[in-house]
Amino acid sequence: MDSIKIEGTDRSPEIEFDFTNNKFSIRGESYPEDVTAFYGEMIEKLESHFSSMDDGEIEFNFELIYFNSSTAKVLMGLFDTLEETAEGAVTVTVNWYYDEEDDTMEELGEEFAEDLEAATFHMKTLET
Amino acid sequence: MSFDLFKAETEIIDNAKAVIDNNKTTKPALKEEFSALLKNYQKLFKDSRRLVRMSDRNEAQLSQVAKSLDEKSKVLGALSEKLSKYLSPQVYEMIFSGERDGGLVTERKKLTVFFSDIKDFTATTEDLQPEDLTFLLNDYLTKMSEIALRHGGTIDKYIGDAVVIFFGDPVSRGIQDDALACVKMGIEMQRRMVDLRAKWLDLGYERPFHMRIGINTGYCNVGNFGSDDRMDYTIIGGEVNLAARLEGICEPDGVTISNETYMQVRDHVPADPLEPIRVKGIARDVRPFSVRSILDETGRKKRFIRKEAEGMRYFFDLERMDTKRRKRAAKELERIVTTLRDE
């Protein structure tokens, strides 16, 4: 599957999905006009790719500054997919990066982490 | 299969409908209860979708407002930066920190007041072009202000070539330290003037400025004077007038201080008594003191080496010369000595 690389804008995040090396990252702000249009295709590709994996390792990095409720819904769905994938023979590592002064992103990371058991979730402060 | 943000919820509803439609629940009471639950779930799901949509709209608006506020904050920051140039930093800080209200409030405080002006300013500058006068005056005021701020003085105002500075408000280090800081500032200003005169002469100004300084310590009224629409943070009182008067009798390149100031600084600053003077508005005779050895710096390592004669002028500020610069100057002087001997 071809990699996905999308530059960030003031309303949508930078996306880097490397399907060959199973390294994925979402960075920046996320409140696109149409969440389905922005995330739809890439999430479908991710789900298809993860379901095709029998084993291996996945690294998913989140470095978000701000996101809206619809994006939160996308992320919750994505974490469900990652958790389901990790319940098999695939090792899933999620890195949640946040600014140490950003209490909101820290709390959101902690909440998402609560739903993951099979996948490993790391909270990481950004180096400034 | 296209992406649906609420795919999981939709699937639950579809599955529940299928259960009802396929009559998997045979007991009518159970079927009725199941249908009611599904209806409630559909209602809750509809509400959730609506809330997410509303939340998205609000968040987008909030984000725009935050960006707009950021931009306005930047504009205000730039404006206050410009405004700060019209105020002494201490006064600016006092206003912008909200420490004091902007009302017409004054208080009585013991301050040390500094007055300076340029000797024969009008006569000295009458032949100058306005551009040259602007350059000289701004150069002079800039350097003096830098020194004043470094010593912690509150620059009250510039009146043409005159400068009014006071110590003790809004920040005070104590009456004695305020007085000492003020006198030390005056001495440093006069020393800096030597440097500036050398520079101005080199630039072709034939009659460079000579400054006079008067300093007095006493009770003044300090605060906002004026009207509710336009006010100045300044000082008034007889002791302020005395500082101005001391400046008037000061020798060019000197610093004249009152007896009250001298009492505060006498352990640190040598000064010679002058003849007592009478000042309008002050009942007592005032004994001024002239600060001694301003440029010679008796008891300390000399900072300046200067000499002027017909066909010759040199000036060194040793504090501004590191070892490398001193060696370079020494080599230069050796070449000059050789040239002079060979002539």
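Residues numbered from 1 in each chain as written. Chains lettered and ligands numbered in written order. Predicted model: local features only at pLDDT ≥ 70, side-chain atom pairs only at ≥ 80, totals over all residues.

The subject of this paragraph is the pairing of strand E5 (residues 231-236) of chain B. Residue and element names in this part refer to chain B. Pairing of strand E4 (residues 211-226) with E5 involves six bridges; the strand directions are antiparallel. Note on E5: the bridge partner recorded for Gly226 is Met231. Counting the residues between successive antiparallel strands, the hairpin from E4 to E5 contains four residues. (Pairing = 2+ DSSP bridges. Helix = DSSP H or I, 4+ residues; strand = E, 2+ residues; numbered from the N terminus.)

Residues and elements named next belong to chain A. Read across the sheet, six strands follow the order E1-E2-E3-E4-E5-E6 without closing on themselves; strand pairing throughout is mixed. This sheet does not close on itself; its edge strands, each paired only once, are strand E1 (4-6) and strand E6 (120-125). In this sheet, neighbouring strand axes are inclined to one another by 15° on average, regardless of whether the strands run parallel or antiparallel. Where strand E4 (residues 55-67) lies against strand E5 (residues 89-98), eight bridges are found, and the strand directions are parallel. Bridge pairing in E5 links Phe60 to Val94. Against the sheet, helix H2 (residues 69-86) makes contact with strand E3 (23-30), E4 and E5, and its axis sits at roughly 145° relative to E5, the strand it touches most. (Axes fitted to C-alpha atoms, helices over the stretch in contact; angles between N-to-C directions. Contact = placed C-beta atoms within 7 Å.)

What follows concerns the packing of helix H1 (residues 35-52) of chain A against H2 of chain A. Residue and element names in this part refer to chain A. Running from N to C, H1 and H2 point in directions that differ by 0°, and their axes come no closer than 11 Å. Between H1 and H2, the angle falls in the class roughly parallel. In this structure, H1 uses Val35, Tyr39, Ile43, Leu46, Glu47 and Phe50 to contact H2, whose residues at the interface are Ser70, Thr71, Val74, Leu78, Thr81 and Thr85. Residues belonging to the contact of H1 with H2 are distributed by class as follows: seven nonpolar, four polar and one charged. (Parallel < 35°, antiparallel > 145°, perpendicular 65-115°, else oblique. Nonpolar A, V, L, I, M, F, W, Y, C, P; charged D, E, K, R; others polar.)

Let's shift gears to unusual backbone geometry. Cis geometry marks the peptide bond from Asp169 of chain B to Pro170 of chain B, where omega comes out at -5°. Mapped onto the fold, Pro170 of chain B is located in the loop between strand E3 (162-167) and helix H6 (175-202). Notably, Asn22 of chain A is not glycine yet its phi reads approximately 55°, a positive angle. Inspection of the secondary structure puts Asn22 of chain A in the loop between strand E2 (14-18) and E3. Although it is not a glycine, Asp120 of chain B sits at a positive phi angle of roughly 50°. By the element assignment, Asp120 of chain B lies in the loop between strand E1 (106-118) and helix H4 (121-125). Asp120 of chain B sits in the partly exposed class, given 13 other C-beta atoms within 10 Å. (Buried ≥ 20, exposed ≤ 12 C-beta atoms within 10 Å, placed from the backbone.)

What follows covers the interface of chain B and chain A. Each partner contributes to the interface: chain B provides nine residues, whereas chain A provides twelve residues. Split by residue class, the side of chain B that touches chain A holds four nonpolar, three polar and two charged.

A few words on the confidence of the model for chain B. Residues and elements named next belong to chain B. For chain B, the mean per-residue pLDDT works out to 87, and 95% of the residues sit at or above 70. Looking over chain B, one finds the lowest element-wise mean pLDDT in strand E11 (residues 304-309), namely 70, and the highest in strand E6 (residues 255-258), namely 96. Among the prediction metrics, the complex's ipTM stands at 0.71, with pTM recorded as 0.60. (pLDDT = per-residue confidence, 0-100.)

Right, let's get into helix H9 (residues 323-342) of chain B. Between its first and last C-alpha, H9 of chain B extends 29 Å over 20 residues, near the 28 Å set by a 1.5 Å rise per residue. Little of H9 of chain B is tucked away, with zero of its 20 residues classed as buried. (Expected span 1.5 Å × (residues − 1).)

What follows concerns the environment of Tyr31 of chain A. Considering the arrangement of structural elements, one finds Tyr31 of chain A in the loop between E3 and H1. Of the residues examined, Tyr31 of chain A has 22 C-beta atoms within 10 Å and is grouped as buried. In this structure the C-alpha to C-alpha distance between Tyr31 of chain A and Thr71 of chain A, which are 40 residues apart in sequence, comes to 6.9 Å. Look past the residues within four positions of Tyr31 of chain A in its chain and what remains in contact with it is Arg11, Phe67, Asn68 and Thr71 of chain A together with Asp56, Glu59, Ala60 and Ser63 of chain B.

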